[in-house]
There are 2 protein chains.
Amino acid sequence: MSKFNELSKHFIKISRFNHLASICGWDQAAMMPSGGNDARGAALAELALHVHDLQNKPELAEWYEAADLEDLTKEQRATLSEMKRSWENDKIIPSDLVEAKSLASSKCEHAWRTQRGKNDWAGFAVNFEEIVKLSQEEAQIRAERAGTSRYDAMLNLYEPGVTTENLNAIFADVKTWLPNMVTEIIEKQKSETVMGFGNDFLIEKQKLLGLDTMKLLGFDFNHGRLDVSVHPFCGGVPTDVRITTRYEENEFISSMMGVVHETGHACYEQGLPKHLAGLPSGTARSMGIHESQSLFFEMQLGRSKEFLGLISPLLNNLFEEQNAGAFGADNLFKAYTRVEAGYIRVDADEATYPAHVILRYEIERDLVNGVIGFKDVPEIWDAKMQEYLGLSTKDNFKDGCMQDIHWTWGAFGYFPSYTLGAMYAAQFKAAMLRTVDVNKAINSNDLSPIFNWLSQNIWQKASLFSTDELVAQATGETLNASYFKQHLQNRYL
Amino acid sequence: MSKFNELSKHFIKISRFNHLASICGWDQAAMMPSGGNDARGAALAELALHVHDLQNKPELAEWYEAADLEDLTKEQRATLSEMKRSWENDKIIPSDLVEAKSLASSKCEHAWRTQRGKNDWAGFAVNFEEIVKLSQEEAQIRAERAGTSRYDAMLNLYEPGVTTENLNAIFADVKTWLPNMVTEIIEKQKSETVMGFGNDFLIEKQKLLGLDTMKLLGFDFNHGRLDVSVHPFCGGVPTDVRITTRYEENEFISSMMGVVHETGHACYEQGLPKHLAGLPSGTARSMGIHESQSLFFEMQLGRSKEFLGLISPLLNNLFEEQNAGAFGADNLFKAYTRVEAGYIRVDADEATYPAHVILRYEIERDLVNGVIGFKDVPEIWDAKMQEYLGLSTKDNFKDGCMQDIHWTWGAFGYFPSYTLGAMYAAQFKAAMLRTVDVNKAINSNDLSPIFNWLSQNIWQKASLFSTDELVAQATGETLNASYFKQHLQNRYL
């Protein structure tokens, strides 16, 4: 067998263990009773260790060398390059650190689920300290190899190619125009009235609304499910994608848009090329591109007046006893594009969202680089919230630095992906408009031209190209944040 | 580290991978969308192979020898012996057979879920042929090592110590008295009237009934869940036990008693000694003892008039719009002890149940031993159903040989455990009555004396003793089927 084929077989084996990790991880967040967590954490850590061992198989270095000399197609060459990247990222972390981080994440995430509700920073800080320590160790090892800062080394895991320097520049630019724009939008919206929706939305019906919306968005229920978790996420595997949302009895707005967002992630996963299943080249390109798909669904598509025109009859049908008059597309659009400074990132509108990301970026960058300590986080959070959004989170940890799940896993370097994703999504939409009549597609209740564009330009390309190549092929240029600015201007001003 | 400790550590590692297999197996049956099955099957087969590799770790033979010479406590000695038994059972099966059987089981079980509903024997037979072939291969390897028949070698996996010779004798005896007893009971019950219950039992309410019943039975919801699957089962791990049931809108009888049955399995798992977690000595003793617990819950406890007196107010409360008059304990008892020849094993009453088991036992014994072929199964099934229960299953595969999940996994040798379990349960009940006032405990709505007896005599003893030793310690004698006969006589005649 050629060494390229040996490597492919080996990666498919690894992907099968990762399949088990994904499903058991989903279960841990969506199904598992609390008392099961210690044993689950131990089992997942054992599995992480085993996957790490597989990445450290002694023959691999030799296989890579030999495969490099083999006569490979362009696609195989890209696959080899992604296998090598994955291997190099994994093998430099020592086994005991892999196990320790897996155990600490399970513990921190699980405890956070109840600590957050209780605003228990002191309890959280105990586990968080450990997570920060282990993440710094990991970042240090990666940084030494890559010759970068610790945080740059972590960024590279989620967003290969992006650096602190890039982000500082992008975010500095955003800071020059966004605060004024937000002020203007809020001023403009003062004169608009949004009709209220009532406050009694049975969870069973909200679930039906979510399922109907997923159907509309092309989610394949033969290869996925919708469930409930504290923090909405998209997990599972491409053949079986698990998305979650959360419900409040008194409103449907956030659970519905949460479903739209996660469905964007899910359609990307479901739309990855089948013939590359199990290979690193067949996985999603980066977290930024992943977020570009969820935010394309949520922001570009989901909050458009045209799409809300499709949601309107569903709402009328399900919740007729509520204020059905409010379910018209115009009023839904007003409600779904309301701009307001708020505490919670996942509930934020698209205009204030970058502020939430920049704040987290600045904190996690300094935390991983050791410029600040874990104890400093609440105070800095509060100061930045006041500066960027005029809100104080003093002593309000649950709506402040304890609101997100990411840091409980030590996923430092992930947050910038959200704003990069929003920017990519706007750029993709602008490019799509050159060949697809998006509004016509929505108005005729056949969204397939939209999904076909995404499938051809993003989903089917998986990790066969670098992010820059992928974006340039799809849009004619690499990341250009002006499309995002333009989108906000068009929609809100 | 002592070799005993090395071995223990190794088995705890294996148990962690088995944890992942259990949860993903539960998910496959209770949560997974159909399109996820191929990838799941591949992932579980890869895992089975890995566990098999761990059991084949080259150092183990040496470790067992060294550990045998170490100064061990009695409990450690029992642990060592169970580790060795597990190792010997696993290591003799070649890896490719382990993988092939795992893949074939996933495929056969998954297809069976829809084939059964369609009565599609032809479709099922394709996968079943493969399962029979692989199981025969496995049995042959085990038989050669043990110097027994193929079927005896398989029996030993589920019921160590029990042989075809034992079972032939036990079942021959049952055949001498049971048919007459069933006739007598049916005759006697002809004069009894059972009030009907109505036919509109909302599934959501049945679920609440199930949850309330589990609470009554001491199920620990911090370490387990109740869900839905085509075939009720108890899965998961001791720290997180997953039981399932199935609901019909028009009756509550079978889902409720299904829950009671699975809760018996679950309480055994939840009640296993924590300090032996992950070690083979800390697992359930055998499938027969496992069934003794589910059948103790279902038959000895669940169908008693006293216990049904606790269910009565729950039913009145949940289903008051139905025929609430029928929910009195006397009428519930009549309904739950109705004897009638039927097609479906899991719906069978305890008097006709042994006929279902003997039929399966005789078929699977001859199938594994190669006396009959997989194609012969429907015809023999029909003939035996006519002989034992006076019912024909000609061309009715779904209520005949396709009704159970066990054979889709190749779990040949499991079925006798059900009747052994019923016999053990009756024997345990008789022994329990010497020190526990069971009816008083139930009437006072505090079942803890019953659970304490089971915990001390069965659950906490896990696999520290052989089945014969366990039963003798608990009851003063080894298996004595006359308690079962006596129980039927007392309850039904």
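Please read these numbers as outputs of a predicted model, since none were measured by experiment.

1. A closer look at the overall build of chain A
Phase 1 of the analysis: Scanning chain A from terminus to terminus reveals 20 helices and three strands.
Phase 2 of the analysis: At 22 Å, chain A has a C-alpha radius of gyration in line with the 23 Å of a compact globule built from 493 residues.
Phase 3 of the analysis: Each principal axis of the C-alpha distribution contributes one length, and for chain A these read about 65 × 50 × 45 Å.
Phase 4 of the analysis: Each of the 493 residues in chain A was classed as buried or not, and the buried ones make up 49%.

2. Regarding the interface of chain A and chain B
Phase 1 of the analysis: If you look at the interface, chain A gives 28 residues, while chain B gives 28 residues.
Phase 2 of the analysis: Among the elements of the structure, α1 (3-30), α2 (37-55) and β1 (224-228) of chain A are those that each provide at least two residues to the side of chain A that touches chain B.
Phase 3 of the analysis: Take the side of chain A that touches chain B: its biggest share by element is eight residues, from α1(A).
Phase 4 of the analysis: Taken together, the residues of the side of chain A that touches chain B sort by class into 13 nonpolar, eight polar and seven charged.

3. A few points about the nonpolar core
Phase 1 of the analysis: Among the nonpolar cores identified, the biggest contains 271 residues, and L20(A), M423(A), L20(B), L47(B) and M423(B) are the most heavily contacted of them.
Phase 2 of the analysis: When we break this core down by domain, the ones giving at least three residues each are domain 1 (3-147) and domain 2 (148-493) of chain B.
Phase 3 of the analysis: Apart from the residues within four sequence positions on either side, M423(B) is in contact with L479(B), A481(B), Y483(B) and F484(B).

4. With respect to α2(A)
Phase 1 of the analysis: Between its first and last C-alpha atoms α2(A) spans 26 Å; for 19 residues at 1.5 Å apiece the expected length is 27 Å, and the two agree.
Phase 2 of the analysis: The inward-facing, buried residues of α2(A) contact α1, α4 (74-91) and α5 (95-115) of chain A together with α1 (3-30), β2 (234-237) and β3 (240-245) of chain B.

5. Focus on the sheet that holds strand β3 (residues 240-245) of chain A
All names here are of chain A.
Phase 1 of the analysis: Within the open sheet, the three strands sit side by side as β1-β3-β2. Their pairing is mixed. Edge strands, defined here as strands with exactly one partner in the open sheet, are β1 and β2 (234-237). On average, each strand axis in the sheet is tilted by 20° relative to the strand beside it, whichever way the strands run.
Phase 2 of the analysis: Pairing of β1 with β3 involves five bridges; the strand directions are parallel. Bridge pairing in β3 places G224 opposite V241.

6. Things to note about the relation of the copies chain A and chain B
Phase 1 of the analysis: Rotating chain A by 180° and moving it 0.0 Å along the rotation axis overlays it on chain B with an RMSD of 0.0 Å. Those values place the two copies in the arrangement expected of a two-fold rotation axis.
Phase 2 of the analysis: When the interface residues of chain A are mapped onto chain B, 100% of them again fall at the interface, so both copies present the same face.

7. Quick word on the sheet that holds strand β1 (residues 224-228) of chain B
Residues and elements named next belong to chain B.
Phase 1 of the analysis: Taken in spatial order, the three strands of this open sheet run β1-β3-β2, and their pairing is mixed. Every interior strand has two partners, whereas the edge strands, β1 and β2, have only one. The mean angle between the axes of side-by-side strands here comes to 20°, regardless of whether they run parallel or antiparallel.
Phase 2 of the analysis: Inspection of the sheet shows β2 paired to β3 by four bridges, in the antiparallel sense. Pairing of V237 across the sheet is with D240, part of β3.
Phase 3 of the analysis: In the packing of α1 onto the sheet, the strands contacted are β1, β2 and β3, and the crossing angle to β2 comes to about 140°.
Phase 4 of the analysis: In the packing of helix α10 (residues 253-270) onto the sheet, contacts are made with β1, β2 and β3, and the angle to β3 comes to roughly 165°.

8. Looking at helix α7 (residues 150-158) of chain A
Side chains of residues three or four places apart in an α-helix project in the same direction, reflecting 3.6 residues per turn.
Residues and elements named next belong to chain A.
Phase 1 of the analysis: Summarising burial for α7: eight of the nine residues are buried, a large majority.
Phase 2 of the analysis: Of all the positions in α7, only R150, Y151, D152, A153, M154, L155, N156 and Y158 are classed as buried.
Phase 3 of the analysis: Buried positions along α7 lie against α6 (121-146), α8 (164-189), α11 (287-302), α14 (353-368) and α16 (416-432).

9. Points about the pairing of β3(B)
Residue and element names in this part refer to chain B.
Phase 1 of the analysis: Here β3 lies mainly inside the structure; six of its six residues are buried.
Phase 2 of the analysis: Residue alternation in β3 divides its side chains into two sets, D240, R242 and T244 and V241, I243 and T245, and both sets are buried.
Phase 3 of the analysis: Counting the residues between successive antiparallel strands, the hairpin from β2 to β3 contains two residues.

10. Considerations on the packing of helix α6 (residues 121-146) of chain B against helix α7 (residues 150-158) of chain B
In helix packing, the relevant descriptors are the interaxial angle and the interaxial distance, both defined with respect to the helix axes.
Residue and element names in this part refer to chain B.
Phase 1 of the analysis: Where α6 meets α7, the closest approach of the two axes is 7 Å, and the angle between their N-to-C directions is 90°. Judged on the interaxial angle alone, α7 and α6 are roughly perpendicular. Within the contact between the two elements, α6 uses Q136, A139, Q140, R142, A143 and A146 and α7 uses R150, Y151, A153, M154 and N156.

11. Describing the confidence of the model for chain A
Phase 1 of the analysis: Confidence along chain A averages 96 in pLDDT terms, with 100% of residues attaining 70 or more.
Phase 2 of the analysis: Interface predicted TM-score (ipTM) for the complex: 0.93; the corresponding pTM is 0.93.

12. Overview of the environment of A430(A)
Phase 1 of the analysis: Examined against the element boundaries, A430(A) turns out to sit in helix α16.
Phase 2 of the analysis: Sequence separation of A430(A) and T475(A) is 45 residues, and the distance between their C-alpha atoms is 8.1 Å.

13. Focus: unusual backbone geometry
Residues and elements named next belong to chain A.
Phase 1 of the analysis: Backbone geometry at N119 places phi at a positive 55°, although glycine is not the residue there.
Phase 2 of the analysis: With respect to the helices and strands, N119 occurs in the loop between α5 and α6.
Phase 3 of the analysis: Under the C-beta neighbour-count criterion, N119 is labelled partly exposed, with 16 such atoms within 10 Å.
Phase 4 of the analysis: Backbone geometry at A462 places phi at a positive 40°, although glycine is not the residue there.
Phase 5 of the analysis: Inspection of the secondary structure assignment puts A462 in the loop between α18 (448-457) and α19 (467-475).
Phase 6 of the analysis: We classify A462 as buried; it has 26 C-beta atoms within 10 Å.

Parameters and conventions
- Residues numbered from 1 in each chain as written.
- Chains lettered and ligands numbered in written order.
- Predicted model: local features only at pLDDT ≥ 70, side-chain atom pairs only at ≥ 80, totals over all residues.
- Helix = DSSP H or I, 4+ residues; strand = E, 2+ residues; numbered from the N terminus.
- Rg over C-alpha atoms; globule rule 2.2 N^0.38 Å.
- Buried ≥ 20, exposed ≤ 12 C-beta atoms within 10 Å, placed from the backbone.
- Contact = placed C-beta atoms within 7 Å.
- Nonpolar A, V, L, I, M, F, W, Y, C, P; charged D, E, K, R; others polar.
- Core = buried A, V, L, I, M, F, W, Y, C linked by C-beta atoms within 7 Å.
- Domains from an automatic or database assignment.
- Expected span 1.5 Å × (residues − 1).
- Pairing = 2+ DSSP bridges.
- Axes fitted to C-alpha atoms, helices over the stretch in contact; angles between N-to-C directions.
- Least-squares fit on C-alpha atoms with pLDDT ≥ 70 in both.
- Parallel < 35°, antiparallel > 145°, perpendicular 65-115°, else oblique.
- pLDDT = per-residue confidence, 0-100.

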